[in-house]
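Chain residues, written in single-letter form:
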Amino acid sequence: MSAILPPAERLWWKHPLDRVEGTWIAIAFAWCMVMFFMMIYWHAYGKQNLSTETYKTTPEQFSAKAQAVVDKYTVRTETADKIPVVAPPEGSDVYLVARLWAWWPILELEKGKTYKLHLTAMDYNHGFSLQPANINIQVVPGYEHVIKVTPNQSGTFSVVCNEYCGINHHQMVGRIYVK
Ligand code: CUA
């Protein structure tokens, strides 16, 4: 049978299954099952468990909450744009706003302490990619994504937008400090 010519017999699914074809179907199916159960396994045992809760929100509601946290816990500002560096206490809600083309504010967290990170996009889809750690979260406008984070490494981390969002997408970089 050829892919160019139409099948000689119309009921092609009644042809006997070739041994090689059958073997590959079996291998692919077994691998699908492994991947499927790994999702469940990592949910319980993975160290970077990024199961997020998601709620509906609006840019107005979210920026009001983010602004309140920034007003309360800003410790200094950085760069010529005076971006606030926010150091919230352990266990508290931390807000990060994605918009064309910036992450706001800068967060300063402490190693080994747990925070609830809230993310939303003000305009279009953005992607939260934490570098150099391998963490990716889709940030969707209209939705508030809440992730429990416990930094396990100190240092300076970059937040890179990994969802194409326009002409300055490549400049959409934020920062998270872990002390
Ligand atoms: Cu935001 Cu790309």
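(A) Seen up close, the packing of aromatic side chains. Taken as a whole, this structure holds five aromatic pairs when the rule is applied. Between Y41 and W42, the aromatic rings sit 5.7 Å apart at their centres with planes inclined by 75°, giving edge-to-face as the arrangement. Residue Y41 is classed as partly exposed on the basis of its relative accessible area of 41%. Taking the centre distance of 5.9 Å and the plane angle of 90° together, the rings of W103 and F128 count as edge-to-face. Here W103 is found in strand β5 (residues 102-104), whereas its partner F128 is found in strand β8 (residues 126-131), with 25 residues between them in sequence. When its relative accessible area of 3% is taken as the criterion, F128 is described as buried. Through a chain of ring-to-ring contacts, the aromatic side chains of Y41, W42 and Y45 assemble into a single cluster.

(B) Representation of unusual backbone geometry in the model. A cis geometry characterises the amide bond from W104 onward to P105, with omega recorded as -5°. Of note, P105 is situated in the loop between β5 and β6 (106-109). Cis rather than trans, the peptide bond between Q131 and P132 has omega equal to 5°. Along the chain, P132 falls in the loop between β8 and β9 (135-139). Of note in the backbone geometry, T79 takes a positive phi value of approximately 65° without being a glycine. One non-glycine residue with positive phi stands out, namely K82, at about 55°. Of note, K82 is situated in the loop between β2 (74-78) and β3 (83-86).

(C) Just the side chain of S92, in detail. Mapped onto the fold, S92 is located in the loop between β3 and β4 (93-99). One polar contact links the side chain of S92 to the main-chain carbonyl oxygen of P89, over a distance of 2.6 Å. In this structure, S92 is in contact with T114, Y115 and K116, ignoring residues within four places of it in sequence.

(D) The environment of L109, seen in detail. Within the secondary structure, L109 is located in strand β6. Put simply, L109 and C165 are 56 residues apart on the chain and 27 Å apart in space, counted from C-alpha to C-alpha. Contact partners of L109, with chain neighbours within four places excluded, come to P88, V94, Y115, P151, I176, Y177, V178 and K179.

The rules we used
- Residues numbered from 1 in each chain as written.
- Predicted model: local features only at pLDDT ≥ 70, side-chain atom pairs only at ≥ 80, totals over all residues.
- Heavy atoms only, no water.
- Phe/Tyr/Trp six-rings, centres within 6.5 Å; stacked < 30°, edge-to-face > 60°.
- Buried < 20%, exposed > 50% of the residue type's maximum accessible area, 1.4 Å probe, protein only.
- Helix = DSSP H or I, 4+ residues; strand = E, 2+ residues; numbered from the N terminus.
- Polar contact = N/O pair within 3.5 Å; in protein donor to acceptor, adjacent residues only side chain to side chain.
- Contact = heavy atoms within 4.5 Å.

Purely spatial values, then, with no claim about function.
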